[in-house]
Structure formats: structure tokens, C-alpha cells
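Descriptive analysis of the structure
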Amino acid sequence: MASNQLPPIRWGILGTGWVSTRFAADLLISRSSATAHHKITALGTSSQEKGAGFLTTVFPSSSPDSIKPKIYTNYGDVYIDPEVDIVYIGTPHSYHKEQCLAAIAAGKHVLCEKPFTINAAEAEEVVAAAKAKGVYVMEAVWTRFFPLVLDLKRLLHSEKIIGDIQRLTCDFSLDKEMETLPASHRYKDINLGGGALLDIGVYPLMWSSIVLDGKVGTEASNPEVKATLLVIDGVDHEDVVVMKYPAMRRIGILTGSLRAKGREEFLRVEGSKGVITVSGPACSLPRTLKIQVEGEEEKVIAYDHEGYGFYFEADAVAKDVLEGRKESSVVPLAESVRMMKIMDEIRRQGGVVYPQDE
Ligand SMILES: NC(=O)C1=CN([C@@H]2O[C@H](COP(=O)(O)OP(=O)(O)OC[C@H]3O[C@@H](n4cnc5c(N)ncnc54)[C@H](OP(=O)(O)O)[C@@H]3O)[C@@H](O)[C@H]2O)C=CC1
Ligand SMILES: O=C1OC[C@@H](O)[C@H](O)[C@H]1O
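- The name given to the protein chain in an unreviewed UniProt entry is D-xylose 1-dehydrogenase (NADP(+), D-xylono-1,5-lactone-forming), and the organism recorded there is Hyaloscypha variabilis.
- Under Catalytic activity (unreviewed entry), UniProt gives the following word-for-word description of the protein chain: "D-xylose + NADP(+) = D-xylono-1,5-lactone + NADPH + H(+)".

**Overview of the overall build of the protein chain**
- Per the secondary structure count, the protein chain includes nine helices and 14 strands.
- Its C-alpha atoms give the protein chain principal-axis dimensions of about 60 × 50 × 40 Å.
- Residues counted as buried form 46% of the 358 residues belonging to the protein chain.
- Taking all contacts inside the protein chain whose residues are at least 6 apart in sequence as the whole, residues at least 24 apart take part in 73%.

**So, the site of ligand 2**
- What surrounds ligand 2 is the set L174, D199, I200, A282 and S284.
- Each residue belonging to the shell around ligand 2 can be placed in one class, and the counts come to three nonpolar, one polar and one charged.

**Re the confidence of the model for the protein chain**
- When pLDDT is averaged along the protein chain, the result is 97; 100% of the residues meet or exceed 70.
- ipTM for the predicted complex: 0.98, alongside a pTM of 0.98.

**As for the nonpolar core**
- Membership of the largest hydrophobic core comes to 97 residues, with the highest contact counts inside it found for V87, Y88, V110 and V137.
- No other element matches helix α7 (residues 196-213), which puts 12 residues into this core.
- Structurally, this core is a two-domain feature, drawing no fewer than three residues from each of domain 1 (3-141 + 310-331) and domain 2 (147-307).
- Once residues lying within four places of it in the same chain are set aside, the contact partners of V87 are G12, L14, V78, Y79, A103, K108 and V110.

**Section: the UniProt feature "domain: GFO/IDH/MocA-like oxidoreductase" (unreviewed entry) in the protein chain**
- When the UniProt feature table is mapped onto this chain numbering, "domain: GFO/IDH/MocA-like oxidoreductase" (unreviewed entry) sits at residues 152-276.
- In residues 152-276, helix accounts for 20% and strand for 38%; the two terminal C-alpha atoms are 9 Å from one another.

**With respect to the site of ligand 1**
- Inspection of the region around ligand 1 gives 20 residues, with G15, T16, G17, T45 and S46 positioned closest.
- Residues that form the shell around ligand 1 fall into these classes: six nonpolar, nine polar and five charged.
- When residues are assigned to domains, the shell around ligand 1 turns out to be shared by domain 1 (3-141 + 310-331) and domain 2 (147-307), each giving three or more.

**Describing the packing of helix α1 (residues 18-27) against helix α8 (residues 310-322)**
- Between α1 and α8, the shortest axis-to-axis distance is 9 Å and the interhelical angle comes to 70 degrees. As the angle between them shows, α1 and α8 are arranged roughly perpendicular. Here α1 runs over α8; the crossing is right-handed. Seen from α1, the contacting residues are R22, F23, D26 and L27; seen from α8, they are F310, Y311 and A314.
- In terms of residue class, the contact of α1 with α8 is made up of five nonpolar, no polar and two charged.

**Re the UniProt feature "domain: Gfo/Idh/MocA-like oxidoreductase N-terminal" (unreviewed entry) in the protein chain**
- In this numbering, the UniProt entry assigns the feature "domain: Gfo/Idh/MocA-like oxidoreductase N-terminal" (unreviewed entry) to residues 9-139.
- Across residues 9-139, the secondary structure splits into 39% helix and 22% strand, with the terminal C-alpha atoms separated by 18 Å.

**Points about helix α9 (residues 333-350)**
- Under the 1.5 Å per step criterion, the end-to-end length of α9 is 26 Å for 18 residues, consistent within 8% with the ideal 26 Å.
- By the burial criterion, the buried members of α9 are L333, E335, S336, V337, R338, M339, M340, I342, M343, I346 and R347.
- Positive backbone phi, approximately 80 degrees, marks G351, located one or two places after α9.

**Brief notes about unusual backbone geometry**
- In this model, K114 is joined to P115 through a cis peptide bond whose omega is -15 degrees.
- With respect to the element layout, P115 can be found in the loop between β5 (109-113) and α5 (120-133).
- Although it is not a glycine, K160 adopts a positive phi angle of roughly 50 degrees.
- Relative to the elements of secondary structure, K160 occurs in the loop between α6 (147-158) and β7 (165-173).

**Notes on the domain arrangement of the protein chain**
- Domain boundaries in the protein chain define domain 1 (3-141 + 310-331) and domain 2 (147-307).
- Using only C-alpha atoms to locate each centre, domain 1 and domain 2 end up separated by 26 Å.
- Counting residues at the interface gives 10 residues for domain 1, matched by nine residues for domain 2.
- Along the lines of polarity and charge, the residues of the side of domain 1 that touches domain 2 split into six nonpolar, two polar and two charged.

**Some remarks on the pairing of strand β10 (residues 250-257)**
- As paired strands, β7 and β10 are joined by seven bridges and run parallel to one another. Along β10, the bridge assignment pairs R167 with I251.
- Where strand β9 (residues 235-245) meets β10, eight bridges bridge the pair, whose relative direction is antiparallel. Opposite M243, over in β10, you have G252 as the bridge partner.

The rules behind these values
- Residues numbered from 1 in each chain as written.
- Chains lettered and ligands numbered in written order.
- Predicted model: local features only at pLDDT ≥ 70, side-chain atom pairs only at ≥ 80, totals over all residues.
- UniProt positions renumbered as here; feature names shortened; annotations may be inferred.
- Helix = DSSP H or I, 4+ residues; strand = E, 2+ residues; numbered from the N terminus.
- Buried ≥ 20, exposed ≤ 12 C-beta atoms within 10 Å, placed from the backbone.
- Contact = placed C-beta atoms within 7 Å.
- Near = placed C-beta within 6 Å.
- Nonpolar A, V, L, I, M, F, W, Y, C, P; charged D, E, K, R; others polar.
- pLDDT = per-residue confidence, 0-100.
- Core = buried A, V, L, I, M, F, W, Y, C linked by C-beta atoms within 7 Å.
- Domains from an automatic or database assignment.
- Axes fitted to C-alpha atoms, helices over the stretch in contact; angles between N-to-C directions.
- Parallel < 35°, antiparallel > 145°, perpendicular 65-115°, else oblique.
- Left-handed = near helix turned anticlockwise from the far one by under 90°.
- Expected span 1.5 Å × (residues − 1).
- Pairing = 2+ DSSP bridges.

Put into C-alpha cells, the structure is as follows:
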């Protein structure tokens, strides 16, 4: 079906940085599988120049002005724009709580980038506000919506293709050249929630939950957690976390680094009958599944898609909102709070304290 025949959903985007730009560009990719006609009606940015640059990057030069968003140099104007159904928050972590609360107070639905907030107390505040106002809120854990992930869950938990799941190793490492970044950069600044755990550590935690447990939110089991972090100037540059599910006899070793380039094969799951590995350009961007079952020929499945693939998540969110749901069954609010609690515990063990914790 042509996208303009689908029910519309009108997005207000906050921020013109890396993720907002790619998320917005992905919304505009025309796809036969789309669940909604995604329209970007408003953009909140600190400056008119950045807003204009965003429009040039995201919209093809042939786009008529009528389909381009209004640029607001005050984020507050996005919340009150009657032509916005849902606000997408693509700003540094430390702003997520206040921007979620402001959008919710204005009656808008919200898709907020990961990590949901800085700590579990903040997450609980946002969840309470969303429930009181009756709006839809989801943490943008986009990787959970990739078709590869849906297949992996089926292979591991329904088909039990590698038998009993026993062990997982997962790594997300990016060389962010931390030494050369200014102290004010969001990776380094403790006031912006700097460090590896909240930025990239969330993904190994997500894979561990998908593979070792398979459930989310109130249905998930809580693992025993042991962590050590390499902390420099108050924020973690390297993380090592062990997640143990003693009742299920499963264990995971998770690593994250902001100063090393990781391998393409970022996830390895070992079971009693075989091994599954997942590869991709980053731990957030899975592209290939390799299945090795004892006594069978190795199978490799490649997943190709246009753009980054933020539309898998955006389509699911639009469907939820258009059908009147108040939260996602894939990333329910209880799952975001649970993850923030696990990260609070990892930071407690590793010695990272944010001003928001005091
Ligand atoms: N799902 C995913 O794959 C990804 C998610 N993320 C998440 O998205 C969020 C943003 O990350 P990213 O896009 O890389 O960040 P960037 O630094 O590239 O962009 C953040 C944007 O937020 C706005 N902003 C508002 N206040 C500040 C401030 N004090 N310092 C810096 N920027 C500010 C700016 O937009 P303006 O000036 O226009 O207002 C800026 O461009 C993070 O929480 C991160 O975890 C990030 C990358 C990928
Ligand atoms: O997928 C990602 O890759 C780069 C990180 O800085 C970002 O926050 C993360 O979501």
C-alpha cells in the first residue's frame, strides 16, 4: 500500500545530532511493510542553523516545503504543537527524564532514546507520569525490533535449535578516541551521563536478557550480577559484567569499551547441541546469524535492509499508538525500569556515581 494511504502518525523530533538525523531519515524511507504514514511535523533544536542543516540532510532536495517540519528553537514548542502526536527524544541521556516529563505533561506520546534515564529512580518517575496521563511511552531499544532478533528468539527458545542454552559472550566496543574528545563531550561528561555502560553497555545487557532469559518486564527473571568497571575521571571507559541465572544454569559474560574496536562477531551463544553467533557492524546493528548444530551443516542467514533500520521500531510504535495501546509488549516500561536497576547495581559495584543519584 502507498504510504500516504496508511493512517498518519506525526513525529516531533528533539535534537539534530547523530541519532535524530538517522532516525528521521529512516522514517522517510518508503516501504511496503510500513504500518503508518510517518510524518515529521516538528523539530526542536538549539539553533535555526542546525535545524536547517538537519532538513538538508534528512529530506531529499526535491521534497516540497509542505512535508518539512516546523523548526522550533525552543524544545517546549514541540510539546505544545497540535500537529505532533509523538515526541522522539534524541538528546544526551541526562535530558531524557525532564524531556519525557514535559512531553507527557503536554499529553504527547513519547519514544525516548536509550538509556531511558540516568537511574531507576528517574525511570520510575517517568513511568508514573505516563501512567497518570494515559499516554504511550517507550524506551527506543530499536535493536529488539530487527527481524534477526525475532528469528533468534524463535530458534533459541521455541525450536531450541542448540539445545539447552548454557553460556553467552557479548561485546560492544567502539574506539571513540576518548583521549582526544573534550571533557564536555557526552561520552565523557559525568553531568550528561557519560561512560560506556549507559551508552553502549545497554546492548549486551539486552542481548543477555533476550538469550539467557527470553522474557521482559515483570515476567523476566532477575540475574545475579557481578561487575567491574574501568573508571577514568568519574566515568567508565571499559566494563566487564557477569550475568548469572543459577536456576536456569545459564551465564553470560558481557563487555563494553569506548576505546577499542570490537569484532564483527559480537555475540556467541553456546548450547548443549551447538552454537549460534551474531555479527554486524555494531552490537546494536545485527546483520548475520550463523547456526552451527552438531552433526549438521553450518547455516548462515544474512539480513539486509535499507537505511539503518530504525523503521522496524518506529512501525511497531506507530501500530501501538494507532491501536490505542499505552506501552509496548516488546519493550514494556517495566523492562526499562528493570534494566535501569541492573545498571544502577553495575555502577554501584563499579564505582560510577552521577549527580542525579545524589
Ligand atoms: N539507538 C541508537 O542507535 C542510538 C542512540 N543514541 C542515544 O541518543 C542520544 C543522543 O545521542 P547522539 O545522537 O549520539 O548525540 P549527539 O551529541 O550527536 O546529539 C545530541 C543532540 O542533542 C541536542 N542537545 C541538547 N542539549 C545538549 C547538550 N548539552 N549537549 C549536547 N547535545 C545537546 C543537540 O541538538 P540541538 O543542538 O539541535 O538541540 C545535539 O545535536 C543518547 O542518549 C544516546 O544514548 C545515540 C546514538 C545511536
Ligand atoms: O548504537 C550505538 O552506537 C554508538 C553509540 O554511541 C550509541 O549511543 C549507540 O546507541
